[in-house]
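# Report on the structure
Listed here are the chains, written in short residue letters.
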Amino acid sequence: MLAASEAVGAVAEGAVGLEEPKKMTREDWRKKKELEEQRKLGNAPAEVDEEGKDINPHIPQYISSVPWYIDPSKRPTLKHQRPQEEIQAQYTPIGEWYKRGVQDKPVTTKFRKGACENCGSITHKKKDCLERPRRVGAKFTCTDIAPDEHDQVQLSLDYDGKRDRWNGYDPEDHMRIVEEYAKVDLAKRTLKAQKLQEELASGKLMDQAVNLLIRPIWCSQEREHNSEDEDEDKYADDIDMPGQNFDSKRRITVRNLRIREDIAKYLRNLDPNSAYYDPKTRAMRENPYSNTGMNPDEVYYAGDNFVRYSGDTITMAQTQLFAWEAYEKGSEVHLQADPTKLELLHQSFKVKKEDFKDKQKESILQKVHLHQCVCVTVSLLSLAQYGGEEHLDAPPRELLLAQTEDYVEYSRHGAVLKGQEKAVARSKYEEDILINNHVCIWGSYWRDGYWGYKCCHSFVKQSYCTGSAGIQTSSGTACAPFEEELIEEEPEEPKTLMEMHQEKMKQEKKKKKKKKNKKHKKRDSDSSDSEDEAKKREKLKKALNAEDVRVKAVDALMLIDERKRPYNSLAEVREPTEEEMEAFRMKRPRPDDPMASFLGH
């Protein structure tokens, strides 16, 4: 009872020591509210806590104010809202990691007490040793004692540290990879230089130089490629179709996505006064290079309107205009509803229009004028054309005057830059390359399903040109060989009766010899067949005996337990002969044989 009364008295004294907050007057409450409003508007300086940090005036009072039973000073602070350092868990810094390898100090030559009995290292025991178990451990031999590992630190990682895949990464590993690739690149360059020296020594580069001189200069400038870029193109990844991406999970198709390798439209000309770019529709209708003076036919992108007025777009617009005009005049045609009918009607309209123009032109030119003349013959010949037809049949003005008003601008190499003529589109592949004294390229000649050179009719690629001689040889019109021309058919001399009788006797002797040889061969073959049969019987007899021995050995092995049976005792590597196969078939037990029980199988 005494102890309880003392505890109650202590609590009462503590409660008296903490002063309860006094009630504020109306004037003090109004001043406090005005100060808070001025702080929120930024007209008054923010309140400072005990650590000297500003308190955000928009933080509610129940967060910034400290309870009166904790801090009697009642000064606003945010310390109780921040993490407490004494409670926070301490984690390992980002730079620390487990040490790799072994210690650099010299290896001991004597076994130490408490070390591993297998390898002799002091940093682990025998059950934790990762080295191959030795027949006699280092404890007894005191030789080849393994070095000591590092004393590993105990890392205390946080959530991000445990999941950081670069934790413990050594940047020197990347430098070793960079050095390896640099060595490979240097070896490639050295090999390429050696190959170039060999080509210079063999004279292959001289032939290439002659071909470059034959070709125009502007062709060579367009076909220059960097070898490093070509190597990079070989390892380019495959990409999907541009502008379309199909997602199999959501079953939708994403369209109107530009290829990320292309230059964006708004980056082609950074001049603010250039063509307008609409970010919502990603459209730029005008040419962004219009103020730069560049030809629209040469630039890679000339605006969306350039696409709208090229190709079949104009033809489509003319067809739509014809459909509207025909509908106003009573024809039931529509571009989307019946395009085939509209196209046929438009084609027939064009033909009739051209015929009408031609007839109108002929009617003007073929007006007949009657000329009165005294002579009847002259009056009959006076019906002629009105005249003027010779002006229509005249040659073009360019041929008459050797000049024209069409403006065409050429480069110093002869390529068309501006004008009505369009430059010939060149592909990225090499063209018009003539090798081995050929005048035409490979593929300019075709016959019987084979390609060749047109200049010599040769079907062998990389062959040297033979000119007209090769054409004559391939066409088959050349003369016969020289030796065949010299051979002349000599007339045979008539034989006498004596010569004919001698030839007949020789033929009969040959026939008799052939018959004798056939008889000897038959005798030899019969004797050899009998010998072969005897050998086969002997081999079969030996195979039957060997088969009996094998069957007895297999039966004996099958009686032995599998665990005591020798390793690979039933394996046979050698391929059996024909006699052994025949012996196996003869000795093989057949359960369906009615005499099997009698034979003891």
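None of the values given here were measured: they were computed from a predicted structure.

## A word on the pattern of salt bridges
In the structure shown here, the tally under the stated rule is 18 salt bridges. For Glu-36, the salt bridge is made with Lys-33, and the minimal N-O distance between the two is 3.9 Å. One end of the pair is Glu-36 and the other is Lys-33, both in helix 2 (residues 26-41) and three residues apart, which spans about a single turn. We classify Glu-36 as partly exposed; its relative accessible area is 26%. Residue Asp-185 is joined to Arg-189 by a salt bridge in which the shortest nitrogen-to-oxygen separation is 3.6 Å. With a gap of four residues between them, Asp-185 and Arg-189 both fall in helix 6 (residues 171-202), about one helical turn apart. In this structure Asp-185 comes out as partly exposed when scored by relative accessible area, which is 37%. Assessed through its relative accessible area of 47%, Arg-189 is described here as partly exposed.

## Let's talk about the nonpolar core
Residues Phe-322, Ala-323, Ala-326, Val-333, Leu-335 and Leu-342 constitute the largest nonpolar core, which totals six residues. If you tally residues by element for this core, the top one is helix 11 (residues 313-328), at three residues. Every residue in contact with Leu-342, bar those within four places of it in the chain, is listed here: Thr-319, Phe-322, Ala-323, Val-333, His-334 and Leu-335.

## Looking at a nonpolar patch on the surface
There is a patch of nonpolar side chains on the surface, built from Ile-263, Tyr-266, Leu-267 and Leu-270 and spanning about 450 Å² of accessible area. Mapped onto the secondary structure, Tyr-266 falls in the loop between strand 2 (252-255) and helix 10 (304-308). Looking at Tyr-266, the relative accessible area reads 44%, which means it is partly exposed.

## Here's the deal with helix 11
End to end, helix 11 covers 23 Å across 16 residues, agreeing with the expected 22 Å (1.5 Å per residue, within 8%). Within helix 11, the full set of buried residues consists of Thr-319, Gln-320, Phe-322, Ala-323 and Ala-326. In a view along the axis of helix 11, the buried residues occupy a sector of 160°, so they form one face of it. Residues Trp-324 and Glu-328 are exposed on helix 11 and point more than 90 degrees away from its buried face. Buried positions along helix 11 lie against helix 12 (339-365). Of the residues flanking the end of helix 11, it is Gly-330, one or two places downstream, whose phi is positive at about 110°.

## Things to note about unusual backbone geometry
Of all residues except glycine, most have a negative phi; of all peptide bonds, most are trans. With a phi angle near 55°, Asn-436 is a residue other than glycine that sits in the positive phi range. Mapped onto the elements of the fold, Asn-436 is located in the loop between strand 4 (416-418) and strand 5 (445-447). In the Ramachandran plot, Gln-462 falls in the positive-phi region, its phi being about 65° despite a non-glycine side chain. Within the secondary structure, Gln-462 is located in the loop between strand 6 (450-452) and helix 16 (468-475). Judged by its relative accessible area of 52%, Gln-462 falls in the exposed class.

## A word on the confidence of the model for the protein
Across the protein, the average pLDDT comes to 76, with 73% of residues at or above 70. This stretch, residues 1-17, has a pLDDT under 50; its non-local contacts, to residues over four places away or in other chains, come to zero contacts. Every residue in residues 477-489 scores below 50 in pLDDT, and together they form four contacts with partners more than four places removed in sequence or on other chains.

## Section: the packing of aromatic side chains
Scanning the model with the defined rule gives eight aromatic pairs in all. Between Phe-322 and Phe-349, the ring centres sit 5.2 Å apart and the planes meet at 35°, which makes this aromatic pair tilted. With Phe-322 in helix 11 and Phe-349 in helix 12, the pair connects residues that are 27 residues apart, well separated along the chain. Judged by relative accessible area, Phe-349 falls into the partly exposed class, the value being 41%. Consider the rings of Trp-442 and Tyr-453, whose centres lie 5.2 Å apart with planes at 65°: the pair is edge-to-face. One end of the pair, Trp-442, is in the loop between strand 4 and strand 5; the other, Tyr-453, is in the loop between strand 6 and helix 16, with 11 residues separating them in the sequence. Classification of Trp-442 as partly exposed rests on a relative accessible area of 30%.

Cut-offs applied
Residues numbered from 1 in each chain as written. Predicted model: local features only at pLDDT ≥ 70, side-chain atom pairs only at ≥ 80, totals over all residues. Heavy atoms only, no water. Salt bridge = Lys/Arg side-chain N within 4 Å of Asp/Glu carboxyl O. Helix = DSSP H or I, 4+ residues; strand = E, 2+ residues; numbered from the N terminus. Buried < 20%, exposed > 50% of the residue type's maximum accessible area, 1.4 Å probe, protein only. Core = buried A, V, L, I, M, F, W, Y, C linked by side-chain atoms within 4.5 Å. Contact = heavy atoms within 4.5 Å. Patch = residues over 30% accessible without salt bridge, like charges linked within 9 Å, V, L, I, M, F, W, Y side chains within 5 Å. Areas by Shrake-Rupley, 256 points an atom, 1.4 Å probe, with all protein chains shown as cover. Expected span 1.5 Å × (residues − 1). Arc of directions from axis to C-beta. pLDDT = per-residue confidence, 0-100. Phe/Tyr/Trp six-rings, centres within 6.5 Å; stacked < 30°, edge-to-face > 60°.

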